[in-house]
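# Coordinates in review
The lines below spell out each chain.
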Amino acid sequence: MISAHCNLCLLGSSDSSASASQVAGTTEVVENLVASDNSPNIPEAIDRLFRDIANINRESMAEITDAQIEEMAVNLWNWALTIGGGWHVNEERKIKLHYVACKLLSMCEASFASEQGIQRLIMMNIRIGREWLDVGNFLIADECFQAAVASLEQLYIKLIQRSSPEADLIMEKITVERDHFRVLSYQAESAVAQGDFQRASMCVLQCKDMLMRLPQMTSSLHHLCYNFGVGTQKNNKYEESSFWLSQSYDIGKMDKKSTRPEMLAKVLRLLATNYLDWDNTKYYDKALNAVNLANKEHLNSTGLFLKMKILLKGETSNEELLEAVMEILHLDMPLDFCLNIAKLLMDHERESVGFHFLTIIHERFKSSENTGKVLLLYIDMLLQRKEELLAKEKIEEIILAHQTGRQLTAELMNWLHNILWRKATSSFEVQNYADALQWYYYSLRFYSPDEMDLDFAKLQRNMACCYLNLQQLDKAKEAVAEAERHDPRNVFTQFYIFKIAVIEGNSERALQAIITLENVLTDEESEDNDLVAERGSPTMLLSLAAQFALENGQQIVAEKALEYLAQHSEDQEQVLTAIKCLLRVVLPKIAEMPESEDKKKEMDRLLTCLNRAFVKLSQSFGEEDLSLESRVNEAQWFRKIAWNLAVQCDKDPVIMREFFILSYKMSQFCPSDQVILIARKTCLLMAAAVDLEQGRKASTAFEQTMFLSRALEEIQTCNDIQNFLKQTGTFSNDSCEKLLLLYEFEVRAKLNDPLLESFLESVWELPHLETKTFETIAIIAMEKPAHYPFIALKALKKALLLYKKEESIDVSQYSKCMHNLINLSVPDGASNVELCPLEEVWGYFEDALSHISHTKDYPEMEILWLMVKSWNTGILMFSRSKYVSTEKWCGLALRFLDHLTSFKESYETQMNMLYSQLVEALSNNKGPVFHEHGYWSKSD
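Under the annotation held in an unreviewed UniProt entry, the chain carries the name Protein ZIP4 homolog and is attributed to Macaca nemestrina.

Right under this line is the structure:
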């Protein structure tokens, strides 16, 4: 015994012949299985045992006695019978265990030595074969059945060889034959399942031959053939089905005590139906004979109805059909059956016979409680035959009976309404609205005040539609009012309210109806069978509403309908068409609107619609979606519209950006030619400009980072497009490049980007940069929150160098650049000089003085500033006890003084006096006293 937690010993891999280790493994596995508790390895062990048993025979188990093998087999068989649902063993694995047990037992010579041993093998093989058959393993099932047949033959031989009383021998032979019969029937089942008709039919015919000796098996073989016939007919194997059903009938007749006539008739009716489905022309006679035979066996309504169906399939004359239906009348069949026969005749275009039969039925059942049913079918047939006057007479009869208390049942009343509405619909479809109203009016007369329901509201809507087409507006309004009273939340009710409001020019009422209609569509998908040209989708009503409003000059109402249509429709093309129509209606109006809150709302609405168009264009391709060419054309149209709307929003940069971004997105559906690339670049550039401005104005660091990061993405994409365009050689000097450079620098500077320096390395090397660009870089570098004085200094130096290279210097711009450079190098109030050596700064002053000396246009305020700046620098040097530098810088200030004009008189006396004091202080070394009062500003 092994514990529940031990692993089962599994067999090794299978070879063509069993090894000694395999045989030993088999023995051990069987013992462990029988002795083990519920181990999780049991299923795997069973599967391996089943696979390996094929390679084991008696020779390979020579060391084991028959008694040991038999004991293993019996234990394994019994263990498989006792294991329950708590074990990890399904039904198929139990069958595998039985199969292995049977194979082991068949290896023992003792199993064939006695009749009991052979009978045991027969029982086991038949049972296992049946089990394999039930789980669909037909090959192993056939193997088991064949083994059972071989054992039966051996048993039969032993019986003959044994001397027994004649009576006992006959009974034992019958038992063997009965088992053989069972095996043959199972083999037939297996063959049918495998599609082997020839083998199956041979097995069944063998069984049929055995019925004289085994009459008690007649019923089972009869039902087996019937089941084969049903199955093969379902698979459209009509020839095989006809064989099986014929055999079922023949076998059933052999024992009428066990086979009831109803069953025989059922088999024959199925056989007739099979012939009809197989080829109703070729096998017409056989089908008719089969159903006639069925009706002789057992007459019922099903057989009569089938016979009529068969007759209608052939070239049966009306006289013969009439004879057949009169036979039905003589049989006193129920009303419903007679009506079904009448319908069948009408459906097969035998109207004269059907109508005549219906007339007879009408008269026969006139006084019965089912007269209403007959009358309704009679009316329906009259209308189909275009005999409307007679139909109306019969309808009036029903109305009179209804008014005098002889009312139809609810089911029949519903049938009558359907007949009337169907007739009204057919008149409506040919635009005979007056006639349609007559049939609807008949339906209306059957409603009493306490019976108003949703169908009544539907009837009123249908009548309103007819009135509208007849231009009878007042009657249409009355009908719609009734519909609204009983079904106000119906989409069609609101649609007709809308149409009437539009016709009357009541925009407010029409708009409210559209809003209500949209609310209903949002709440739930309504289903209705009203008269609408397109019933595919409730949103089609919005399309019809928009079209109707435009046709009648109701522009505002049409706009709302188009907006809702674009919002709720799932059809790609319908949504795009609705948005295009809406834009064509709204754009001229917006162009004339002054800047206001209303215009902003309109722009927001159009932005929402365009975004919805983009979503639809982005949908994946499908059979019903747009073609590639159509998608490009649509995208081009929407791209241009978004661009134009962006241009109109110059007073609202935020929404302008949204339109430019939308135009950019739309352009991505278009081929990337030069025009589209330039458009994309411009859209991104404008969007980046807005985001950058938003970043400058942001009130929080989070918002600033968000806007600037978005701008950086747009700039980088724009740069990619710009670089691609530059490869064409056409846009090498495009001013956009400089703007992108400045935008990117500003964004990176304000974001404190660690890659700023590496970005600038490439910027410094760029050709064609102007002084203005460098000066702007310098300003941006010092603009909060950025603070990059060294970058600003380098940019101003490059700008100053460019100014010097110009043939004709712009003195005004030069002076400003010099001002900024000196001020950055020596900030006001600085106690030390960090950014630039004073020797270099001195050079800037000298350079400025040189330009002042050679031009009369140098701004005097800038000269004054330079004078004060140089004087204060001298005082700064004095505070540091650098007296030589002090005298040098203050002397420089006096040289600037000489170039003043209007301010010279104001400063000259004071400057000379201060300079004298300075010289005296330098002589007497009175630095501290002078330091306290020596600084100047331009206002002193």
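### Description of the overall build of the chain
Counting its secondary structure elements, the chain contains 43 helices and zero strands. Restricting the contact set of the chain to residue pairs at least 6 apart, pairs at least 24 apart contribute 65%. Of the roughly 46900 Å² of accessible surface on the chain, a fraction of 50% belongs to carbon and sulfur atoms.

### What to know about the environment of Ala464
By secondary structure assignment, the location of Ala464 is in helix H22 (residues 454-469). Overall, Ala464 belongs to the buried group, its relative accessible area being 0%. Note: C-alpha distance between Ala464 and Ile500 (36 residues apart in sequence) is 9.8 Å. When near neighbours in sequence (up to four residues on either side) are disregarded, Ala464 contacts Ala476, Ala479 and Val480.

### Focus: the packing of helix H14 (residues 301-313) against helix H15 (residues 318-330)
Packing of H14 against H15 leaves a shortest axis separation of 11 Å and a crossing angle of 175 degrees. Taken together, the axes of H14 and H15 lie roughly antiparallel to each other. The residues of H15 that touch H14, namely those facing Lys307, Met308, Leu311 and Leu312, are Leu321, Ala324, Val325, Glu327 and Ile328. Partitioned by chemical class, the residues of the contact of H14 with H15 number seven nonpolar, no polar and two charged.

### A closer look at the pattern of salt bridges
All told, the structure shown has 46 salt bridges when counted by the stated rule. Note that Glu131 is salt-bridged to Arg127, the shortest N-O span being 3.3 Å. Residue Glu131 and its partner Arg127 are located together in helix H6 (residues 115-135), separated by four residues, close to a single helical turn. Take Arg127: its relative accessible area is 35%, and that puts it in the partly exposed class. A salt bridge links Glu397 to Lys394; its shortest N-O distance comes to 3.6 Å. With Glu397 and Lys394 both in helix H19 (residues 388-403), this residue pair falls three residues apart, about one helical turn. Relative accessible area serves as the criterion here: at 41%, Glu397 is assigned to the partly exposed category. One continuous salt-bridge network, built from bridges that share partners, spans Glu693, Arg696, Lys697, Glu746, Lys750 and Glu783.

### As for the side chain of Asn274
Among the structural elements, Asn274 can be located in helix H12 (residues 261-279). For Asn274, a relative accessible area of 0% puts it in the buried group. Only 3.3 Å separates the side chain of Asn274 from the side chain of Ser241, close enough to count as a polar contact.

### Quick notes on a negative patch on the surface
A cluster of acidic residues, Glu319, Glu320, Glu323 and Glu327, forms a negative patch on the protein surface. Among the secondary structure elements, Glu323 is positioned in helix H15.

### Focus: H6
Spanning 21 residues, H6 covers 30 Å between terminal C-alpha atoms, matching the ideal 30 Å at 1.5 Å per step. After H6 finishes, the residue Gly136 shows a positive phi value of roughly 90 degrees.

### What to know about the environment of Tyr564
Inspection of the secondary structure assignment puts Tyr564 in helix H27 (residues 555-568). Once the C-alpha coordinates of Tyr564 and Ser543 are considered, the two residues, 21 residues apart in sequence, prove to be 9.3 Å apart. Among residues more than four places away in sequence, those in contact with Tyr564 are Ile514, Ile515, Glu518 and Leu542.

### Digging into the packing of aromatic side chains
Per the counting criterion, the structure on display carries 29 aromatic pairs. With a centroid separation of 6.4 Å and 10 degrees between ring planes, the pair formed by Tyr275 and Trp278 is classed as stacked. In this pair, Tyr275 and Trp278 both sit in helix H12, three residues apart, roughly one turn of the helix. On the basis of relative accessible area, Tyr275 is assigned to the buried category, the value being 9%. Look at Trp278 and you get partly exposed, because its relative accessible area is 27%.

### Looking at unusual backbone geometry
Of note, the amide linkage connecting Lys784 to Pro785 takes the cis form, showing an omega dihedral of 5 degrees. Take Pro785: it is sitting in the loop between helix H36 (771-781) and helix H37 (789-805). Residue Gln471 is not a glycine yet carries a positive backbone phi of 60 degrees. Assignment of secondary structure puts Gln471 in the loop between H22 and helix H23 (473-486).

### Describing the packing of helix H4 (residues 91-106) against H6
Running from amino to carboxyl end, H4 crosses H6 at an angle of 150 degrees, the nearest separation of the two axes being 10 Å. Our classification of the angle between H4 and H6 gives roughly antiparallel. Note that H4 runs across H6; the crossing there is left-handed. Every residue of H6 that contacts H4 at Glu92, Ile95, Lys96, His98, Tyr99, Ala101, Cys102, Leu105 and Ser106 is listed here: Arg120, Leu121, Met124, Asn125, Arg127, Ile128, Glu131, Trp132 and Val135. By residue class, the composition of the contact of H4 with H6 is 10 nonpolar, three polar and five charged.

### A word on the nonpolar core
Met308, Ile310, Leu345, Phe357, Phe498, Phe638 and Phe659 are the most contacted members of the largest nonpolar core, which has 170 residues in total. Per-element accounting of this core gives the leading share, 10 residues, to H12. Apart from residues no more than four positions distant in its own chain, Phe357 is found in contact with Val325, Leu329, Cys338, Ile341, Ala342 and Leu345. Counting residues in each nonpolar core, the second largest holds 68 residues, with Phe774, Tyr788, Met877 and Met911 among its members.

### Describing the confidence of the model for the chain
Of all residues in the chain, 89% have pLDDT values of 70 or greater, and the mean over the chain is 85. Here helix H43 (residues 927-933) is the element of the chain with the lowest mean pLDDT, 44, and helix H31 (residues 653-667) is the one with the highest, 95. Low pLDDT (under 50) marks residues 525-536, which in the prediction has 25 contacts with non-local residues, meaning those over four places away or in another chain. The low-confidence segment residues 927-934, where pLDDT is below 50, has 14 contacts with residues more than four positions distant or belonging to other chains.

Conventions and cut-offs
- Residues numbered from 1 in each chain as written.
- Predicted model: local features only at pLDDT ≥ 70, side-chain atom pairs only at ≥ 80, totals over all residues.
- Heavy atoms only, no water.
- Helix = DSSP H or I, 4+ residues; strand = E, 2+ residues; numbered from the N terminus.
- Contact = heavy atoms within 4.5 Å.
- Areas by Shrake-Rupley, 256 points an atom, 1.4 Å probe, with all protein chains shown as cover.
- Buried < 20%, exposed > 50% of the residue type's maximum accessible area, 1.4 Å probe, protein only.
- Axes fitted to C-alpha atoms, helices over the stretch in contact; angles between N-to-C directions.
- Parallel < 35°, antiparallel > 145°, perpendicular 65-115°, else oblique.
- Nonpolar A, V, L, I, M, F, W, Y, C, P; charged D, E, K, R; others polar.
- Salt bridge = Lys/Arg side-chain N within 4 Å of Asp/Glu carboxyl O.
- Polar contact = N/O pair within 3.5 Å; in protein donor to acceptor, adjacent residues only side chain to side chain.
- Patch = residues over 30% accessible without salt bridge, like charges linked within 9 Å, V, L, I, M, F, W, Y side chains within 5 Å.
- Lys, Arg positive; Asp, Glu negative; His and termini not counted.
- Charge placed at Lys NZ, Arg CZ, Asp CG, Glu CD.
- Expected span 1.5 Å × (residues − 1).
- Phe/Tyr/Trp six-rings, centres within 6.5 Å; stacked < 30°, edge-to-face > 60°.
- Left-handed = near helix turned anticlockwise from the far one by under 90°.
- Core = buried A, V, L, I, M, F, W, Y, C linked by side-chain atoms within 4.5 Å.
- pLDDT = per-residue confidence, 0-100.

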